[in-house]
Amino acid sequence: MPLLQISGLTHFFGGLRAVHGFDLKLEEGELVGLIGPNGAGKTTIFNLVCGVYKPTQGEILFNGTNLVGCRPHQVTARGIGRTFQNIRLWDQLTVLDNVRIARHSKLRYGVADSVLRTKRCQREEEDIERRAMELLDIFGVASHAQELSKNLSYGEQRRVEMARALAVEPRLLLLDEPAAGMNPGEIDQLLELVPFLRKQFSLTVWIIEHQMQVIMGICERIQVIDFGEPIAAGTPIEIQANPRVIEAYLGKEVA
Amino acid sequence: MRRHSLPLIVVGLFVLTIGGSWLGILDAYVQLVLFYVGINIILTVSLNLVNGYMGEFSCGHAGFMAVGAYVSGILTVWLFAEDSVFGLPILPIGWAIPLFPIILIIGSIAAALVGLLIAIPSFRTRGDYLAIISLAVNYIVVSAITNMEVIGGSRGFVGMKRVMNAMGDVFDAPWLLIWTFVGIIATILIIHNFVSSTLGKGVEAIREDEIAAEIMGVNTRRTKVMTFMLSCGLAGLAGGMFAHWPGGYINPLMFFILRSTEVMVMVYLGGMGSISGSIISAILFTVLLEWLRPLGVFKWVVIPLLFIVMMLYRPQGIMGSSELTDVLPRLQTLLRADKEVKDNAPASD
Amino acid sequence: MTLDIFLQHLLNALQWGSFYALIALGYTMVYGVLLLINFAHGDIFMVGAYVGLFIATFLLGQYALRLPFTLPSWAVLALTIVGSMILTAGLGVFIERVAYRPLRDRGASRLYVVISALMVGILLEYLNLAAFGAADRGFPQLIRKQIYTVGGVSFTNVKIIVIGLAILVMIGLQLIVRHTKVGMAMRATSFDKVAVPLMGISTNRIITASFTLGSSLAALAGIMFGTAYEVISFDMGIFVGWKAFICAVVGGIGDIRGAMVGGFILGFIEIFVVALGQFSGFEWLSSTYRDLVAFSILLVFLTFRPTGIFGVARRQKV
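Note that the structure is a prediction, hence the values are computed from the model and not measured.

Peer 1: Would you mind going over the overall build of chain A with me for this structure?
Peer 2: When helices and strands are counted, chain A shows 10 helices and 10 strands. Taken against the 2.2 N^0.38 rule, which gives 18 Å for 255 residues, the C-alpha radius of gyration of chain A at 19 Å falls within 12% of a compact globule. Projected onto its principal axes, the C-alpha coordinates of chain A cover approximately 70 × 40 × 35 Å. When each of the 255 residues of chain A is scored for burial, the buried share is 44%. The long-range fraction of contacts in chain A, counting pairs at least 24 apart against all pairs at least 6 apart in sequence, stands at 66%.

Here is the structure:
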């Protein structure tokens, strides 16, 4: 059974058709890419999977269970983690807090425990902090743990966001343009990091990206959408040569 | 020695205020001001949870105070006093001392339940709707109480003072102040524990970016409701204590919009998202109000002016979003000596 | 309830609602443009009434300083209205410049500006209280009241004027907002505040325009209120103003039609709740319950339609 199965996903924003007839079968352990020109609907698809919007039509099955109608925190609890196109860290909170909060879906203690600082709460808090620091360490930002996240450099913030996404203990990781704004050195690091993360955390990874280097470098297969509709799918080599894809990005050739 | 610093400070304050009152060193007026300070601390810290930490805009805090005040006041009178409405007391006065905290807690729970009623529709949408709804609820609560002739309506409800005096007869101690002190400590501990836990941090995440919080696994709806209920419950606690003030009566107008506005002023004055800021500003503001009392009506001309000026020159309030321990690091070593400072023990005590 | 009694109540409701509508318009315009709940607005209404009182009293020669001629009362009325509208608008703009703009320029969160607004409101109330005392003031009657009776329904000319004014104002505002450049700029600002200055329009000018319009309408409402009910007090802003705010919200805050509709709805609810109390079985619905019932109904309404009648939910881009 594929880990994520999307069939006939269609979504309208009022009268605007943002996504139309999108399908996907994502097997466990795969590293798949989603590309398309700006405004094609890629982030919208992520948002639909995460439960931010309820699709007008279509089915989204994660591990066999239907995600449609679930609220985002429920989707996250089932094992989907995500980063954002424009970094959405909680600016006035520390780096450590940003990652700690992502453990909410795994919390077992309640308000009463928190307010009374019971042993149960204390034990879980220690565990949360330990895990969070471990993750920050992997991403090389552990030394900034007590700093406000808004004070970090752009690249560091991106890494904190990824640490945060991993803190939810996902089976599926959604990366929305992780290479945006990165310089070539950072992109090289990313090219090593993503496969490493996949192996280390037994993840399935679905990436939206614009940077061809990243897409061609790490994706096993790629889907292309334009104006909300799928127009091509295949291996990186196949996609690079596909005329429809070229047209979508560069426009029709003038005779 | 360091390990016990914080409890020592608390005990010290207790001895000063309660002991001083008991022994008559602090006169009735000072005791009253201390009482007001205490009530305002609880109100401010609890409202800060919603307006500061969660970034919402609740403007009807006095409404929940009213619920707590009337529920607790009525219970006290019903149980312990001879009253035109409820008849003879049900329990002997000796029970009043141990039962008083229970009565206060019942008042809090009532206020929290009213908060629950409001939270559910308000938090369906983001934006300024909580402001509007909390405003309307403040009006509704005051209006409802005004219409309940059986508990005094607009004339007010009396009887609590007799009970407090009788408690004093059983065992002579400044009971009101004692319970206020306990209430303050409880409030601060509850709020501090909550906001420093991961569960409580979710509240701030909601303020910073609610959608991201939801996507990262925070059940925003439930968190918002729980936080609001906690805040309202504590306002009810303050109300319950307030109902037993030496003046001896409560009426609906005491809990009207102006009261809510006072609490909002204290929250913003202290700095949103800072417990120590709320405490400091509650103390300062209460004292300022008392100090300006001779000005009569001009009091409320001076205060808004001061506030507007302060808004223009220091809009983040006294503490902004930092705590006292962030600004005075040595205070931190004093208070958290046992746990976090092990590795960098300062040279001097 | 017989038809003529119903019509009587209907007229009362329309008049009462007109005040709410006129004040609600001010709230809605400022909110539409600034996303600010101008809590001082109710007190602007109060100031407008008092300024009108003093202008009228002066013009009627009731102060020590007398004019060398007496004016016919229609002239006094016109001058009072215009004078008060101008002065009150000036106050509104002044408040915006001094108390709100510096905060906005500094990028302070909206919450701070709202608190500032609250403070300004309190300041106005207590300045009035300190200066003129707590006693209610009689408002000079500039329109000779004439009672007409049609069918079994009697009403005064004042009532008709108030209602007529409210409707005229709404039509006028709709024209301004839809057909003038300023109006279009106001609408644009409520949709996208950032893009507007990029198009060469000064947002500060638009904001000033909103405050001018809103405050002058509140002043008009204040004068008409004084004329209709003959008494004004320092706290009229609290009671009428805050409720008018809720009217604006129920109508859909930011939308001019919403403010009008919301105002009339609350007017209707309040008058008819009290009217219902005259029926057997409903005696408990005395006038003290008026607020309670009105707010409860509004609260329930907002629960099911939080954006109000004409409001549009603001979509957040994820």
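Right, picking up where we left off after that structure.
Peer 1: Hey, could you run me through the overall build of chain B in this one?
Peer 2: Per the secondary structure count, chain B includes 15 helices and 2 strands. Its C-alpha radius of gyration of 21 Å places chain B within 12% of the 20 Å reference for a compact globule of 349 residues. Taken along its principal axes, the extent of the C-alpha atoms in chain B is 60 × 50 × 40 Å. Of all 349 residues assigned to chain B, the portion counted as buried reaches 53%. Considering only contacts within chain B whose residues lie at least 6 apart along the sequence, 80% involve residues at least 24 apart.

Peer 1: I tried to follow unusual backbone geometry on my own but got confused; where do I start?
Peer 2: Backbone geometry follows two general trends: most residues other than glycine have a negative phi, and most peptide bonds adopt the trans configuration. Of note, the phi angle at A:Ser202 is positive, near 50 degrees, even though the residue is not glycine. By the element assignment, A:Ser202 lies in the loop between α7 (184-200) and β8 (204-208).

Peer 1: Honestly, the packing of helix α1 (residues 3-34) of chain C against helix α8 (residues 203-229) of chain C in this entry has me stumped. Any pointers?
Peer 2: Packed helix pairs are specified by the crossing angle of their axes together with the interaxial distance, meaning the distance between the axes. Residue and element names in this part refer to chain C. The contact between α1 and α8 brings their axes to 9 Å, and the two run at 165 degrees. Regarding the angle of α1 to α8, the classification is roughly antiparallel. When the axes of α1 and α8 are compared, the crossing they make is left-handed. Here the contact of α1 with α8 is composed, by residue class, of 18 nonpolar, 5 polar and no charged.

Peer 1: Would you take a moment to explain the sheet that holds strand β10 (residues 229-234) of chain A for this structure?
Peer 2: Strands belonging to one sheet form pairs held by backbone hydrogen bonds; the direction of such a pair is parallel or antiparallel. Residue and element names in this part refer to chain A. Strand order in the open sheet formed by 6 strands is β6-β7-β8-β3-β9-β10, and the pairing between neighbours is mixed. Looking along the sheet, the strands with just one partner apiece sit at the ends: β6 (80-82) and β10. The mean inter-strand angle of the sheet, taken between neighbouring strand axes irrespective of direction, is 20 degrees. In the sheet, strand β3 (residues 31-35) pairs with β8 via 4 bridges, with the strands oriented parallel. Paired with Gly 33 across the bridge in β8 is Ile 207. Packing of helix α1 (residues 42-50) onto the sheet brings it into contact with β3, β6, β7 (172-176), β8 and β9 (221-226), and relative to β6 it is tilted by some 145 degrees.

Peer 1: I tried to follow the packing of helix α2 (residues 41-59) of chain C against helix α3 (residues 73-105) of chain C on my own but got confused; where do I start?
Peer 2: All names here are of chain C. Direction vectors running N to C along α2 and α3 enclose 140 degrees, while the axes themselves pass 8 Å from each other. In terms of orientation, α2 and α3 fall into the oblique class. For the element pair α2 and α3, the recorded crossing hand is right-handed. In contact with Ile 44, Val 47, Gly 48, Val 51, Gly 52, Ile 55, Ala 56 and Leu 59 of α2, α3 contributes Val 76, Leu 79, Thr 80, Gly 83, Ser 84, Leu 87, Thr 88, Leu 91 and Gly 92. Across the contact of α2 with α3, the residue classes tally to 10 nonpolar, 7 polar and no charged.

Peer 1: Would you take a moment to explain helix α8 (residues 198-208) of chain B for this structure?
Peer 2: Side chains of residues three or four places apart in an α-helix project in the same direction, reflecting 3.6 residues per turn. Summarising burial for α8(B): 10 of the 11 residues are buried, a large majority. Within the span of α8(B), buried status applies to B:Thr198, B:Leu199, B:Gly200, B:Lys201, B:Gly202, B:Val203, B:Glu204, B:Ala205, B:Ile206 and B:Arg207.

Peer 1: Any chance you could explain the pairing of β10(A) here in plain terms?
Peer 2: The side chains of a regular strand alternate between the sheet's two faces. All names here are of chain A. The sheet contact formed by β9 and β10 spans 5 bridges and is antiparallel. Within β10, the residue paired with Ile 225 across the bridge is Pro 230. In this structure, the hairpin formed by β9 and β10 is closed by a connection of 2 residues, where Phe 227 is found at a positive phi of approximately 50 degrees.

Peer 1: Help me understand the interface of chain C and chain B in this model?
Peer 2: Interface extent is often summarised as the accessible area lost during association of the parts. With 36 residues of chain C in contact, the opposing surface of chain B contributes 33 residues. Elements represented by at least two residues in the side of chain C that touches chain B include exactly α3, α4 (110-132), α9 (236-252) and α11 (289-304) of chain C. A per-class count over the side of chain C that touches chain B returns 29 nonpolar, 5 polar and 2 charged.

Peer 1: Looking at this structure, how should I read the sheet that holds strand β1 (residues 4-13) of chain A?
Peer 2: All names here are of chain A. Strand order in this open sheet of 4 strands is β2-β1-β4-β5, and the pairing throughout is antiparallel. Pairing within the sheet leaves two strands with one partner each, and these edge strands are β2 (16-26) and β5 (65-66). Relative to β2, α1 is tilted by about 70 degrees, and along the sheet it contacts β1, β2 and β4 (57-62).

Peer 1: Sorry if this is basic, but what is going on with the confidence of the model for chain B here?
Peer 2: As a general rule, the predicted coordinates of low-pLDDT regions are not to be interpreted in detail. All names here are of chain B. For chain B, per-residue confidence averages 85 on the pLDDT scale, and residues scoring 70 or more make up 92% of the total. Note on residues 337-349: pLDDT under 50 across the span, and 8 contacts to partners over four residues away in sequence or across chains. The complex model carries a pTM of 0.88, and its ipTM stands at 0.92.

Peer 1: Just to check I follow, could you spell out the environment of C:Leu79 for this structure?
Peer 2: Residue and element names in this part refer to chain C. In this structure, Leu 79 sits in helix α3. Taking the C-alpha atoms as reference points, Leu 79 and Ile 223, separated by 144 residues in sequence, lie 12 Å from one another. Those residues in contact with Leu 79 that sit more than four places away from it in its chain are Ile 55 and Leu 59.

Peer 1: What should I look at first to understand helix α2 (residues 28-53) of chain B in this one?
Peer 2: All names here are of chain B. Taking 1.5 Å of rise per residue, 26 residues should cover 38 Å, and α2 covers 36 Å from first to last C-alpha, within 8% of that figure. Considering bend angle alone, the principal kink of α2 is centred on Leu 47 and spans about 35 degrees. Summarising burial for α2: 20 of the 26 residues are buried, a large majority.

Peer 1: Just checking my understanding: could you explain the environment of A:Ile138 for this structure?
Peer 2: If you trace the backbone, A:Ile138 turns up in helix α5 (residues 119-138). Distance in space between the C-alpha atoms of A:Ile138 and A:Ala163 is 8.2 Å, their sequence separation being 25 residues.

Conventions adopted
Residues numbered from 1 in each chain as written. Chains lettered and ligands numbered in written order. Predicted model: local features only at pLDDT ≥ 70, side-chain atom pairs only at ≥ 80, totals over all residues. Helix = DSSP H or I, 4+ residues; strand = E, 2+ residues; numbered from the N terminus. Rg over C-alpha atoms; globule rule 2.2 N^0.38 Å. Buried ≥ 20, exposed ≤ 12 C-beta atoms within 10 Å, placed from the backbone. Contact = placed C-beta atoms within 7 Å. Axes fitted to C-alpha atoms, helices over the stretch in contact; angles between N-to-C directions. Parallel < 35°, antiparallel > 145°, perpendicular 65-115°, else oblique. Left-handed = near helix turned anticlockwise from the far one by under 90°. Nonpolar A, V, L, I, M, F, W, Y, C, P; charged D, E, K, R; others polar. Pairing = 2+ DSSP bridges. pLDDT = per-residue confidence, 0-100. Expected span 1.5 Å × (residues − 1). Bend = angle between axes of the 7 residues up to and from the residue.

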